[in-house]
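# Close look at the chain arrangement
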Amino acid sequence: MPIQRIAVIGAGTMGNGIAHVCIQYGLDVVLIDVASAALEKAKQVIEKNMERQVKKGILSTEQMTAALKRLQLSTQLSDSVKDCDLVIEAATEKQAVKESIFREIDASAPQHCILATNTSSISITALAAVTNRPDKVIGMHFMNPVPVMKLVEVINAYQTHAGVTDQILDLTRRLEKVPCVVNDYPGFIANRILMPMINEAIYSLYEGVAGVESIDNIMKLGMAHPMGPLHLADFIGLDVCLSILEVLHNGFGQPKYAPCPLLVNMVKAGKLGIKSGEGFYDYSEGTQEKKVSARFL
Ligand code: CAA
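Throughout what follows, the structure given in this document is the object of discussion. (Residues numbered from 1 in each chain as written. Predicted model: local features only at pLDDT ≥ 70, side-chain atom pairs only at ≥ 80, totals over all residues. Heavy atoms only, no water.)

### Some thoughts on the sheet that holds strand β8 (residues 178–183)
Sheets are built from strands that pair by backbone hydrogen bonding, the pairs being arranged parallel or antiparallel. Taken together, eight strands build an open sheet; the order of strands is β3-β2-β1-β4-β5-β6-β7-β8 and the sheet is mixed. Across the chains shown, the open sheet's two edge strands, defined by having one partner strand only, are β3 (71–74) and β8. Averaged over all pairs of adjacent strands, the angle between strand axes in this sheet comes to 25°, irrespective of strand direction. (Pairing = 2+ DSSP bridges. Helix = DSSP H or I, 4+ residues; strand = E, 2+ residues; numbered from the N terminus. Axes fitted to C-alpha atoms, helices over the stretch in contact; angles between N-to-C directions.)

This is the structure in structure tokens:
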């Protein structure tokens with residue numbers, strides 16, 4: 001039976017993006033969060049991003065209206081997952097929080113339901129181990145902004161059954177995304193390669209090799225990256241970058257993954273990038289009008 005009803009847990013940037021593409025491609029979605037204000041905000045963001053797609057001719061107004069009708073909001077996790085074929089967890093990147101959510105879903109979701117996580121770095125194998133269906137646990141790592149980025153990194157836990165991977169590959173293709181299958185080791189592939197590049201860019205700034213704009217322009221204009229690594233770090237969130245680097249550093253025990261002290265200091269200072277208004281750039285006049293943070297001039 002194909003997957004039709006999906007619960008998405010967590011109404012933040014990733015959760016609302018995942019809910020957006022699922023309803024866009026005809027799936028029924030219940031978006032779950034503890035905070036009803038976050039749910040209402042997520043719905044507005046989905047509407048705004050779908051309006052963008054209507055303006056670009058990607059969706060018709062009728063398709064947008066029909067898609068939004070497939071979206072339900074809920075603050076009740078246990079009740080809402082009872083009739084789901086798939087749950088995609090996109091809550092806070094804290095292992096204890098995710099383990100507790102996985103236990104709760106496992107207790108309420110039907111036996112056939114697959115439990116997926118959008119984690120960027122927490123061990124899927126460890127999350128699978130807290131459930132009574134470890135063979136039905138898998139990683140679905142979407143990229144931000146979800147409606148735009150084509151990749152879904154599909155991560156097999158040590159315990160994942162091959163048939164479950166096949167179902168998730170089918171679903172990913174239904175969303176017109178490209179799945180890439182990897183195994184569950186620290187940082188998977190996306191962040192194992194991306195984060196050392198970002199860290200090296202921060203080290204280059206820290207050591208005075210070049211300024212913020214030079215570093216970003218070199219990678220944008222020389223390597224055709226859509227954003228330079230420092231801008232991308234601001235976009236992802238410097239706290240998220242630091243925590244992924246810590247997972248890589250602890251998981252492999254190799255100094256090459258040690259987070260740059262400048263990154264550590266910026267996170268301590270609350271300079272987290274776009275979400276806090278300042279990181280390597282200053283966003284006080286909006287994201288389009290960003291300028292290099294006064295700290296780095
Ligand atoms: N929903 C729908 N459409 C969106 C959107 C959203 N949230 N955000 C952007 N778009 C659309 C725009 O409408 C625009 O459409 P057209 O091309 O048809 O005009 C297109 O995307 C490009 O957007 P903009 O013109 O606003 O801006 P841009 O050209 O500067 O592109 C960007 C913005 C897509 C974010 C681009 O800069 C980019 O690709 N950056 C790199 C993003 C990236 O690397 N993401 C991965 C981060 S790592 C991660 O997510 C995982 C992790 O574990 C850390």
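The rest of the description comes next.
### As for the site of the ligand
Around the ligand, a shell composed of 17 residues is seen, among which K56, S120, H141, N144 and N191 lie nearest. In the environment of the ligand, an oxygen atom lies 2.8 Å from a nitrogen or oxygen atom belonging to the side chain of H141. The separation between a nitrogen atom of the ligand and a polar main-chain atom of N144 is 2.8 Å. When the ligand is considered free in solution it has 1,000 Å² of accessible area, and contact with the protein chains removes 66% of it. Going through the elements one at a time, α2 (36–55), α8 (190–206) and α10 (229–236) are the ones with two or more residues in the shell around the ligand. Broken down by class, the residue content of the shell around the ligand amounts to 10 nonpolar, five polar and two charged. (Near = heavy atom within 4 Å. Polar contact = N/O pair within 3.5 Å; in protein donor to acceptor, adjacent residues only side chain to side chain. Areas by Shrake-Rupley, 256 points an atom, 1.4 Å probe, with all protein chains shown as cover. Nonpolar A, V, L, I, M, F, W, Y, C, P; charged D, E, K, R; others polar.)

### A few points about the pattern of salt bridges
Applying the stated rule across the entire model yields eight salt bridges. Of the charged contacts in the structure, one is a salt bridge between R5 and D83, with a shortest N-O distance of 3.1 Å. With R5 in strand β1 (residues 5–9) and D83 in the loop between α4 (77–80) and β4 (86–89), this pair connects stretches of sequence that are 78 residues apart. On the basis of relative accessibility, which here comes to 17%, the residue R5 falls in the buried class. Relative accessible area serves as the criterion here: at 46%, D83 is assigned to the partly exposed category. Here D239 makes a salt bridge to K275, at a shortest N to O gap of 2.8 Å. (Salt bridge = Lys/Arg side-chain N within 4 Å of Asp/Glu carboxyl O. Buried < 20%, exposed > 50% of the residue type's maximum accessible area, 1.4 Å probe, protein only.)

### Remarks on the nonpolar core
With 38 residues, the main nonpolar core has I6, L86, M140 and F142 as its most contacted residues. Per element, the largest residue contribution to this core is six residues, and it comes from helix α1 (residues 13–24). Among all residues touching F142, those that are not within four sequence positions of it are M14, I18, V21, I88, N118, L151, V152 and L175. Formed by 26 residues, the second largest nonpolar core is a distinct cluster that contains L230, L248, C260 and F280. (Core = buried A, V, L, I, M, F, W, Y, C linked by side-chain atoms within 4.5 Å. Contact = heavy atoms within 4.5 Å.)

### What to know about helix α3 (residues 61–69)
All buried positions along α3 are accounted for by M64, A67 and L68. Along the axis of α3, the buried residues cluster in a sector spanning 95°; they form a single face. In α3, the exposed positions angled more than 90 degrees off the buried face are occupied by E62 and K69. (Arc of directions from axis to C-beta.)

### Here we look at the packing of aromatic side chains
In this structure the tally under the stated criterion is four aromatic pairs. Aromatic pair Y203 and Y206: ring centres 6.1 Å apart, planes at 70°, arrangement edge-to-face. Taken together, the residues Y203 and Y206, both in helix α8 and three residues apart, mark about one turn of the helix. The lysine or arginine in question, K290, covers the ring of Y281, its NZ or CZ lying 4.3 Å from the ring centre. (Phe/Tyr/Trp six-rings, centres within 6.5 Å; stacked < 30°, edge-to-face > 60°. Lys NZ or Arg CZ within 6 Å of the ring centre and 35° of its normal.)

### Description of a positive patch on the surface
A contiguous patch of positive charge on the surface is contributed by K41, K48, R52, K55 and K56. Mapped onto the elements of the fold, K41 is located in helix α2. The exposure class assigned to K41 is exposed, which follows from its relative accessible area of 57%. (Patch = residues over 30% accessible without salt bridge, like charges linked within 9 Å, V, L, I, M, F, W, Y side chains within 5 Å. Lys, Arg positive; Asp, Glu negative; His and termini not counted. Charge placed at Lys NZ, Arg CZ, Asp CG, Glu CD.)

### A word on unusual backbone geometry
Each neighbour pair has its own omega, and for N144 with P145 the value is 0°, a cis peptide bond. As for its position among the elements, P145 is in the loop between β6 (137–142) and β7 (151–156). Of note, the phi angle at E176 is positive, near 55°, even though the residue is not glycine. Here E176 shows up in the loop between α7 (162–174) and β8. For E176, a relative accessible area of 47% gives the class partly exposed.

### Thoughts on the side chain of T131
Mapped onto the elements, T131 comes out in the loop between α6 (124–129) and β6. For T131, a relative accessible area of 6% puts it in the buried group. Polar contacts involving the side chain of T131 include one to the main-chain carbonyl oxygen of A128, which spans 2.8 Å. A polar side-chain atom of T131 sits 3.2 Å from the main-chain amide nitrogen of R133. Apart from residues lying up to four places away in sequence, T131 is in contact with F102, D106, L115 and V137.

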